[in-house]
Amino acid sequence: MRISLHRFLTLLGTLACLALAQGIAQALDPRVDLANLAMIFVLASTLVAFWLPAWASALFALTSVALFNWSFVPPRGSFQVDLSQHALLLGTLLTVCLTVSLLMARLRREASLAARRAREAEQIQQLGDVLRAAQHPQAMTESLDQALGALPSQGTALMLLNNELPITDDPLAAQWQGVVLSPAEQIGLWLCLRDNRAFGAGTGLHSELPAWYLPIRGPQAAWGAALFRLDPLKNPDPDLQRHAQMLCDLLGQALHRHHLERRTAEARAEAEAQKLRSALLAAISHDFRTPLASILGAASSLASQSERLSDNQRRTWLDQIQDETRALTAMADNTLQLVRLEAGQLALRLDWESLEELVGAVLARVRQRDPQRRIRARLEPSLPLIRVDAPLFIQLLENLLDNALKYSPADAGPVDLVVRVAEDTLLLAVKDRGPGIPVADRARIFDMFQRGQGRSACRGSGLGLAVCRAIAQAHGGSLSVRMRGHGGSSFELRLSLQQAPDMLTPAEDVEVSP
Amino acid sequence: MMCVLLVEDDRDLRALLRTTLEVEGLAVHTAASLVEAQALIRHTPVDLVLLDLGLPDGDGQTLLDELRQRRNTPVLIISAQPSDARKIALLDAGADDYLSKPFSVAELLARMRVALRHRGTTLRPAITRYTHEGLDIDLSLREVMVRGQKVHLTPTEYKLLARLVRNAGQVVTHRALLADVWGPDCIEHTHYLRLYMGQLRAKLEREPAEPRFLLTEPGVGYRLADPIHMRS
């Protein structure tokens, strides 16, 4: 049997201590009697029991008693013992030395075991905390890799499934981490994963292997497997294996939790999308039908009763067809935009835009629905450029103005469009003198398919404000409603301003005041 | 008689447009597919093309590209809501203008008139005089009058205005304006345009927030309102 260096050194130390005790005893020999010399050896074996392992201190005890007998017990230089005089002394000496060294060894083993348990408990707690805080399986796996790496091993590796368990052992179906593996080790990890069972040295299963293969266990199946290479010269430590398995199981539980959370989030998103789809379907089936009905009504009346209608009547029907078609187009635009915004599929095309221009473009479109010119635009002079997606911003503004026209009676007064800058925020307000919005409705009006109550005369898909809010949010802004002092509501868009890029004015362009 | 090629795959819309154009006294050829349109354009002299993009056998832009290699026949795109990027690409590819469906007949006829005026069958010199609702611009004299009052413009403002006058009634893309007025290095600097258009409106428009001359095509470019009188 090969004796390891460690054992050899321990043996040397034992002998050195023995020699030291012997030396001291010999130095004291002429001055003290036999019983006191024996105490030197008791002291020595007690002291060495602090450092030496049990086998070495027992060896020390036996050897020191033999040495004492040989060197000091008369007749000196022989193992002969005067039974009546010294047998008791030697017997007591042997018993005390052995008892002390064995007790000391047990005490030390228990103390070291307790310290190790505490370390392990702390490591488990730390890993648990890290796993709970981690958002991604990758981070979780790395934390286990680190935890296993902190244990005494000849190298560790992890294999984690990406998704489902593949039919064949496809290395691409899993994430690999840690030391480079031999083909046999890879096969071992797959086997461990598929069987969801630990094996390797000292486990009673494939005990000939110089490593542990530990499954990363979830409640149903393994999520992966860990390899724990061992020193082939040392006996495998079952406590260490239990601890490593516990660390692996922590990851397995964390992965399971993560999996459940993701499934829940997916289900929730799917439910939301489903809700949006059914709401849109409801809008299409109900709100789109209304303008379609009046178009068909007017057109069929013109087709079948044309001769009996007055010129005036015919004109009205024709106007109605045009108006309703425009309204339908706006509703189609809103629906489409909302679906895109809600789905997050819309990439904003941001550019530096002039508010004056944007307002101008909106007014050009809205004036068709505003024959009495109720909209009054009041723009602060020299407004800064804003960075927005022009068509979306125009849609927002158009919806707000249309709403104001629609929900405030024609004789209620003007609709004011106010744009001004307060510090680094742009405030755009559309103010009407309509009936306002009841407190109970204020929070809901920006939701989809909510319309002001009790105004069946007004039509719309209830999408307008939802689109407005989605557009405002996509630009990092906010849209809110406030009731005005003397009746009516004020819809207010707030947008934080950015510094527009510098501009070089050509020298020839500098205005010279006359 | 002016001859129009109408490329549109929807039967009802095709019939409707054909009737309205014939009522206006135009000769109309119709095509329902790309192949049909390609064949027609090879054998028939056409003064203007109305082109739908989504055709059953391909994209209408193919026809535009083929046409532009040989002729400058005006092409108006009629399409279901193209994106801004698409509009710009079409204008760059040589389309004269675009109309998003649905559109009114009045709008269509107005756009057709503008397109024909700019690139009629006979080559005309560039437009140098623009008169519309009190705004009078004479490029040969470098003179701009608002309601009889002479207006002073800076050189850049004048260059910008002149560029729009030459395409009066048509949309001119941001890139085209920036390249022609500021130079090809500046095609990304839309904020130049915003500021100078603001200055021009302040000088020429009665209500800058509701312009009647310098119209904005959001996300695409600018259009000088289609004038009633224009001389070359």
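Residues numbered from 1 in each chain as written. Chains lettered and ligands numbered in written order. Predicted model: local features only at pLDDT ≥ 70, side-chain atom pairs only at ≥ 80, totals over all residues. Heavy atoms only, no water.

A. Representation of the overall build of chain A. Within chain A, the regular secondary structure consists of 13 helices and 12 strands. Looking at the 514 residues of chain A, the share that counts as buried comes to 40%. As presented, chain A carries roughly 28,700 Å² of accessible surface, and 58% of it is formed by carbon and sulfur atoms. (Helix = DSSP H or I, 4+ residues; strand = E, 2+ residues; numbered from the N terminus. Buried < 20%, exposed > 50% of the residue type's maximum accessible area, 1.4 Å probe, protein only. Areas by Shrake-Rupley, 256 points an atom, 1.4 Å probe, with all protein chains shown as cover.)

B. View of the sheet that holds strand β1 (residues 3–7) of chain B. Residue and element names in this part refer to chain B. Read from one edge to the other, the open sheet built from 5 strands follows the order β2-β1-β3-β6-β7, with strand pairing classed as parallel. Looking at which strands have only one partner, the edges of the open sheet turn out to be β2 (27–31) and β7 (97–101). Between one strand and the next, the sheet's axes are offset by a mean angle of 20 degrees, whatever the strand orientation. The sheet contact formed by β1 and β2 spans 5 bridges and is parallel. (Pairing = 2+ DSSP bridges. Axes fitted to C-alpha atoms, helices over the stretch in contact; angles between N-to-C directions.)

C. Spatial organisation of the side chain of threonine 335 of chain A. On the secondary structure map, threonine 335 of chain A appears in helix α9 (residues 311–342). Among the polar contacts listed, one links the side chain of threonine 335 of chain A to the backbone oxygen of methionine 331 of chain A, at a separation of 2.6 Å. (Polar contact = N/O pair within 3.5 Å; in protein donor to acceptor, adjacent residues only side chain to side chain.)

D. Representation of unusual backbone geometry in the model. Looking along the chain, the bond that leaves proline 74 of chain A and enters proline 75 of chain A is cis, with omega of 0 degrees. In this structure, proline 75 of chain A sits in the loop between α3 (54–71) and α4 (83–133). A cis amide bond links lysine 101 of chain B to the next residue, proline 102 of chain B, at an omega of 0 degrees. Here proline 102 of chain B lies in the loop between β7 and α5 (105–118). The phi torsion at asparagine 196 of chain A lies on the positive side, around 55 degrees, for a residue other than glycine. Taking the relative accessible area as the measure of exposure, asparagine 196 of chain A reaches 24% and is therefore partly exposed. Positive phi values are uncommon outside glycine, yet arginine 147 of chain B reaches one of about 45 degrees. The topology assignment puts arginine 147 of chain B in the loop between β10 (143–146) and β11 (149–150).

E. Structural view of the packing of aromatic side chains. All names here are of chain A. This structure, assessed with the given rule, holds 10 aromatic pairs over all chains. With a centroid separation of 6.4 Å and 55 degrees between ring planes, the pair formed by phenylalanine 41 and phenylalanine 72 is classed as tilted. On the criterion of sequence distance, the pair formed by phenylalanine 41 in helix α2 (residues 34–51) and phenylalanine 72 in the loop between α3 and α4 is long-range, its members being 31 residues apart. Since its relative accessible area comes to 1%, phenylalanine 72 is described here as buried. Centroid distance phenylalanine 68 to phenylalanine 72: 6.0 Å. Interplanar angle 45 degrees. Geometry classified as tilted. (Phe/Tyr/Trp six-rings, centres within 6.5 Å; stacked < 30°, edge-to-face > 60°.)

F. Spatial organisation of the nonpolar core. Formed by 46 residues in total, the largest nonpolar core has its most connected members in Phe393, Leu401 and Val430 of chain A. Broken down by element, the residue count for this core peaks at 10 residues, all from helix α11 (residues 390–407) of chain A. Apart from the residues lying within four places of it in its own chain, the contact partners of leucine 401 of chain A are Val362, Leu363, Val366, Ile375, Val415, Leu417 and Val430 of chain A. Among the nonpolar cores identified, the runner-up in size contains 33 residues, and Leu160, Trp182, Phe213 and Ala225 of chain B belong to it. (Core = buried A, V, L, I, M, F, W, Y, C linked by side-chain atoms within 4.5 Å. Contact = heavy atoms within 4.5 Å.)

G. Spotlight on the interface of chain B and chain A. Each partner contributes residues to the interface: chain B has 29 residues there, and chain A has 29 residues. Of the roughly 2,300 Å² buried where chain B meets chain A, counting both sides, 52% is carbon and sulfur surface. Among the residues of chain B in contact with chain A, His191, Arg194 and Glu210 of chain B are the three that bury the most area, contributing 25% of the side total. On the surface where chain B and chain A come into contact, there are 5 salt bridges. At the junction of chain B with chain A, the criterion picks out 9 residue pairs in polar contact (both at pLDDT 80 or more). Broken down by secondary-structure element, the contributors of at least two residues to the side of chain B that touches chain A are α4 (84–92), α6 (155–166) and α8 (190–204) of chain B. Here the side of chain B that touches chain A gets 10 residues from one element, more than from any other, and that element is α8 of chain B. Looking at the side of chain B that touches chain A residue by residue, the class counts come to 13 nonpolar, 9 polar and 7 charged. (Buried area = accessible area lost by both parts, 1.4 Å probe. Salt bridge = Lys/Arg side-chain N within 4 Å of Asp/Glu carboxyl O. Nonpolar A, V, L, I, M, F, W, Y, C, P; charged D, E, K, R; others polar.)

H. Spotlight on the environment of leucine 224 of chain B. Residues and elements named next belong to chain B. Examined against the element boundaries, leucine 224 turns out to sit in strand β14 (residues 221–224). Measuring from C-alpha to C-alpha, the distance between leucine 224 and valine 172 comes to 8.8 Å, with 52 residues separating the pair along the chain. Dropping the residues within four chain positions of it, leucine 224 is found in contact with Tyr130, Leu164, Val165, Ala168, Gly169, Gln170, Phe213 and Leu214.

I. Layout of a nonpolar patch on the surface. All names here are of chain A. A surface patch of nonpolar side chains, amounting to about 770 Å² of accessible area, comprises Leu5, Phe8, Leu9, Leu11, Leu12, Leu15, Trp55 and Leu59. Among the secondary structure elements, those contributing two or more residues to the nonpolar patch are α1 (5–28) and α3. It is α1 that provides the largest number of residues to the nonpolar patch, a total of 6 residues. With respect to the helices and strands, leucine 15 occurs in helix α1. What makes leucine 15 partly exposed here is its relative accessible area of 49%. (Patch = residues over 30% accessible without salt bridge, like charges linked within 9 Å, V, L, I, M, F, W, Y side chains within 5 Å.)

J. Main features of the packing of helix α7 (residues 174–181) of chain B against α8 of chain B. Residue and element names in this part refer to chain B. At their nearest, the axes of α7 and α8 sit 10 Å apart, and the two run at 85 degrees to each other. Between α7 and α8, the interaxial angle falls into the category roughly perpendicular. Across the interface between the two elements, His174, Leu177 and Leu178 from α7 touch Thr190, Tyr192, Leu193 and Arg194 from α8. (Parallel < 35°, antiparallel > 145°, perpendicular 65-115°, else oblique.)

K. Expanded view of the sheet that holds strand β1 (residues 156–161) of chain A. Residues and elements named next belong to chain A. On the basis of which strands lie adjacent, the open sheet formed by 5 strands has the order β2-β1-β5-β4-β3 and antiparallel pairing. Each having just a single partner strand, β2 (174–178) and β3 (199–200) make up the two edges of the open sheet. Where β3 meets strand β4 (residues 211–217), 2 bridges bridge the pair, whose relative direction is antiparallel. When the bridges of β4 are listed, phenylalanine 199 appears paired with tyrosine 213. In this fold helix α5 (residues 137–149) packs onto β1, β2, β4 and β5 (222–229), with an angle of close to 160 degrees to the strand it touches most, β1.

L. Structural view of the confidence of the model for chain B. All names here are of chain B. Across chain B, the average pLDDT comes to 87, with 95% of residues at or above 70. Ranking the elements of chain B by mean pLDDT puts strand β15 (residues 229–231) last with 47 and β2 first with 94. At the level of chain-chain contacts, confidence expressed as ipTM amounts to 0.79, with global pTM at 0.61. (pLDDT = per-residue confidence, 0-100.)

M. Expanded view of the packing of α9 of chain A against helix α13 (residues 464–474) of chain A. All names here are of chain A. Axis separation between α9 and α13 bottoms out at 10 Å; the angle between their running directions is 40 degrees. With respect to each other, α9 and α13 are oriented oblique. Note on packing geometry: the crossing formed by α9 with α13 is left-handed. On α13, the residues touching Asn334, Gln337, Leu338 and Leu341 of α9 are Gly464, Ala466, Val467, Ala470, Ile471 and Ala474. (Left-handed = near helix turned anticlockwise from the far one by under 90°.)

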